[in-house]
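# Structural characterization, general
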Amino acid sequence: MKQPANMEQNHPLFRQVYDYMVNRIVREEWKVHDKLPSIRMLAEELQVHRLTVFKAYRELASSGRVYVKDKSGYYVAPAGMLREEPASEAAAGVPAYSLTNPMSDIQRMPVQYQFSQALIDPGLLPNLFLSDYVKKVFDLYPKVMGTYSSVQGDPELRSVLSRHYQEHYKLQLSPAELLITSGAQQAINLIAGLVLGPMDYVLVERPTYSVALDIFRRAGARLLPVTITPEGYDLEAVEELMRTCRPRMFYINPTHHNPTGHTVPARQRKLLVELAERYRCLLVEDDPFRDIYFGEVPPAPFFAYDTEGWVIYISSFSKYVAPGLRICAVACRHPFMERLITAKSMADNGSPLLNQKIFLHYYTSPRLQQHLGKLRIALQVHKEIMEEELAGSGWEWTAPEGGLNLWIRLPESVSAAALLQRSMEQSISFVPGELCDPLGEMTSWLRLSYSFASENALREGVRKLMQLAREL
C-alpha cells in the first residue's frame, strides 16, 4: 500500500498526533479511564517515530486529557482533570494549518485563453430568461429582500427538489433530508468539518478535485488515494483500505468525473455502498455534472442504493443554470442532517433567500429543459473542437461522455508545470495534473476545460499551447 499523502508540514507532527488523540477522546471512541494504545503501537499505527508519540502523550498529560499509571500506561482522564491547553511553541499565536488554494491562484489570473476554469461560457447561459424570473420573483415575494431564509433552506425549494429527485433520479428522500448550501465547495467544507479530525484517514480518488484535497489537508486528515479508471475502481483494493485503515469517509465524484471525465458503472455503485455500510465509511458523492451528458443518461447516484445512511449526496446546479446564484442541495439522512444544519448555521445562518427563489422558479420552468438540451449540444461541440485541434499532437486522453474537461497526458519529456509557466506568459491557463493528484506525482498530466472559452478562442488557444509544448 502507498504511504498516505503527507499533511501540511508547517504544523509539527507531534501536535498533529496530539490533536488526533484529543479528537478521538472527544468523540468518545476512547472513553474515560480507557487504557490508551502504547507508544509503540500508536507510532506503528500512525507511521511516525516513537519520540513523536511520546511528546504528544506528554502534552496530553500536561493538559489533563490523560493520566499515567506506573508500569501500566496512559489512560483517558475524566473531565474534571482538564486544564488549560498547553501553550506549546507550535500552537502559540499561529493558525493550525496554513491556507493554500493553488487552483484559485491560477484561476484568478486574467488570461485571454481560459482553460483552467470548469465553468460554462456566460454566452451559453440563459441570461435573458433569468432576468425575466428575477422580475417574477419580486412580484411574487415583495418582501424577499427583507428576510432571511431558514438555515436549512427555503422549504418551497426543498419540496420541489425532493419531488424532482424522486421522479428523475429514483431517490427516496423528503424535504427534511435536504439542505441548501452556497455551492458544492461549502458543502464539502461543512461535511469535512463534521467528519474529519487530525490524523483521520480519508479515501480520495486519484486524481480528484484539488480544492477538496486542500480542505481535507486543512482538517489534518491523511489521504488514501484510490485510482479511478474508465471502468471505475478496483473494489478489492478499496475494501482492503477500508478494512485496514478504517477511513472516516470516501470523497467521490463518480459521474463525468472531475478531472478525468470517467463515469463509474452502475454495477459498482451498489457494491461500493455495501462496502461503506460494512466498514462504516461515509461516502460523500459530489455530483455537479450529472446533467451535462452527450450520449446516454448516466447511472443513478450512489445515494439511490443507500438504505443505512452512509451516503451524502451533493448536487450542485451552479455549473449549468446560473453560477452567480451558488445553489447546491445536500441530501443525507438523520441524525447527520441535524449536525449539518448546525454547522451551516455557524457558517452563514442560511444561503440567500433571493437566490433560492430565483432558482426555484427557473428550475421548475419548461425553459430550463430547453436550455439544457441546447447546452449539451454546445458543450459537445466545444469538446470536439478541442479534440480536433489536439489530434496528431501525441497527447493522450480518453474522450469523456459528459462534463466540462479533458484529462490529458503529455509526452514524458514535457513537464506540465514548466508548460504552465510558459503558457501563463502567453495568456493561457490550465490546471497542472499534480494539483489534482493526492500524491502530487502526476507531473505529465493536465486538465483542459473546454467549457468557458468561445469556439474561436478554443482553436487559437489550443494551437498556441501545443506550440509552446513543442518549444520546451
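Parameters at a glance
- Residues numbered from 1 in each chain as written.
- Predicted model: local features only at pLDDT ≥ 70, side-chain atom pairs only at ≥ 80, totals over all residues.
- Heavy atoms only, no water.
- Helix = DSSP H or I, 4+ residues; strand = E, 2+ residues; numbered from the N terminus.
- Rg over C-alpha atoms; globule rule 2.2 N^0.38 Å.
- Buried < 20%, exposed > 50% of the residue type's maximum accessible area, 1.4 Å probe, protein only.
- Contact = heavy atoms within 4.5 Å.
- Pairing = 2+ DSSP bridges.
- Axes fitted to C-alpha atoms, helices over the stretch in contact; angles between N-to-C directions.
- Phe/Tyr/Trp six-rings, centres within 6.5 Å; stacked < 30°, edge-to-face > 60°.
- pLDDT = per-residue confidence, 0-100.
- Core = buried A, V, L, I, M, F, W, Y, C linked by side-chain atoms within 4.5 Å.
- Polar contact = N/O pair within 3.5 Å; in protein donor to acceptor, adjacent residues only side chain to side chain.
- Salt bridge = Lys/Arg side-chain N within 4 Å of Asp/Glu carboxyl O.

## As for the overall build of the protein chain
- Scanning the protein chain for helices and strands turns up 16 helices and 15 strands.
- Taking 472 residues into account, the globule formula puts the C-alpha radius of gyration at 23 Å, and the protein chain, at 24 Å, falls close to it.
- Principal-axis analysis of the C-alpha atoms places the extent of the protein chain at approximately 75 × 60 × 45 Å.
- Out of the 472 residues in the protein chain, the part that is buried amounts to 57%.
- Put simply, 74% of the contacts in the protein chain that link residues at least 6 apart link residues at least 24 apart.

## Re the sheet that holds strand E7 (residues 249-252)
- Read across the sheet, 7 strands follow the order E4-E10-E9-E8-E7-E5-E6 without closing on themselves; strand pairing throughout is mixed. Because the sheet does not close on itself, it has two edges, and the strands there are strand E4 (178-181) and strand E6 (222-227). Adjacent strand axes in the sheet meet at a mean angle of 20 degrees when their direction is disregarded.
- Inspection of the sheet shows strand E8 (residues 282-286) paired to strand E9 (residues 311-316) by 4 bridges, in the parallel sense.

## Quick look at unusual backbone geometry
- Residue arginine 206 is joined to proline 207 through a cis peptide bond whose omega torsion reads 0 degrees.
- Summarising the element assignment, proline 207 is placed in the loop between strand E5 (201-206) and helix H8 (210-218).
- Residue histidine 334 is joined to proline 335 through a cis peptide bond whose omega torsion reads 10 degrees.
- Following the sequence through the fold, proline 335 ends up in the loop between strand E10 (328-331) and helix H11 (336-347).
- Positive phi outside glycine occurs at arginine 246, with the angle close to 50 degrees.
- Note that arginine 246 resides in the loop between helix H9 (235-245) and E7.
- Arginine 246 gets classed as partly exposed once you look at its relative accessible area, which sits at 47%.

## Here's the deal with the packing of aromatic side chains
- Evaluation of the coordinates by the stated rule reveals 12 aromatic pairs.
- With 5.6 Å between their ring centres and 70 degrees between their planes, phenylalanine 216 and tyrosine 251 make a pair best called edge-to-face. Of this pair, phenylalanine 216 sits in helix H8 while tyrosine 251 sits in strand E7, placing them 35 residues apart in sequence.
- A relative accessible area of 0% means that tyrosine 251 is categorised as buried.
- On the basis of an interplanar angle of 15 degrees and a centroid distance of 5.3 Å, the ring pair of tryptophan 407 and tryptophan 445 is categorised as stacked. Placement of the pair is tryptophan 407 in strand E12 (residues 405-409) and tryptophan 445 in strand E15 (residues 445-449), with a sequence separation of 38 residues. Each of the two residues, tryptophan 407 as well as tryptophan 445, counts as buried.
- Clustering of aromatic rings is evident, with ring pairs tying together Tyr165, Tyr169, Phe303 and Tyr313.

## Focus on the confidence of the model for the protein chain
- For the protein chain, mean pLDDT is 90; residues scoring 70 or higher make up 93% of the total.
- In the predicted structure, residues 1-10 sits below a pLDDT of 50 and forms 29 contacts with residues beyond four places in sequence or in another chain.
- pLDDT under 50 marks residues 86-98. Its contacts with residues more than four places away, or in other chains, come to 21 contacts.

## Here we look at the nonpolar core
- Ranked by internal contacts, the top residues of the largest apolar core, which has 131 residues, are Phe115, Leu161, Phe216, Tyr233, Phe250, Leu272 and Phe317.
- The contacts of leucine 161, once residues within four sequence positions are left out, are Leu178, Ile180, Phe317, Ala329, Phe359 and Tyr363.

## Some thoughts on the environment of isoleucine 120
- Looking at the element boundaries, isoleucine 120 is found in the loop between strand E3 (113-114) and helix H5 (127-140).
- Classification of isoleucine 120 by relative accessible area gives buried; the value is 3%.
- For the pair isoleucine 120 and leucine 360, spaced 240 residues apart in sequence, the C-alpha to C-alpha distance is 20 Å.
- Not counting residues within four places of it along the chain, the set of residues in contact with isoleucine 120 comprises Leu125, Lys319, Tyr320, Leu375, Leu379, Leu404, Ser451 and Phe452.

## Some words on the environment of aspartate 437
- Note that aspartate 437 resides in the loop between helix H15 (433-436) and E15.
- When its relative accessible area of 1% is taken as the criterion, aspartate 437 is described as buried.
- Aspartate 437 sits 266 residues away from leucine 171 along the chain, and the two C-alpha atoms are 31 Å apart.
- Not counting residues within four places of it along the chain, the set of residues in contact with aspartate 437 comprises Arg206, Leu213, Arg217 and Met442.
- In this structure the side chain of aspartate 437 is engaged in a polar contact, spanning 3.0 Å, whose partner is the backbone nitrogen of leucine 439.
- A polar atom in the side chain of aspartate 437 sits 3.1 Å from the backbone nitrogen of methionine 442.

## Observations concerning the pattern of salt bridges
- Counted under the stated rule, the structure contains 25 salt bridges.
- Arginine 24 is the salt-bridge partner of glutamate 29, the closest N and O atoms lying 2.9 Å from each other.
- We note a salt bridge from glutamate 389 to arginine 459, for which the minimum N-O separation is 2.7 Å. Of this pair, glutamate 389 sits in helix H13 (residues 366-390) while arginine 459 sits in helix H16 (residues 455-471), placing them 70 residues apart in sequence.
- By relative accessible area, glutamate 389 is classed as buried at 11%.
- Overlapping salt bridges bring together Arg24, Arg27, Glu29, Glu45, Asp200 and Arg248 as one network.

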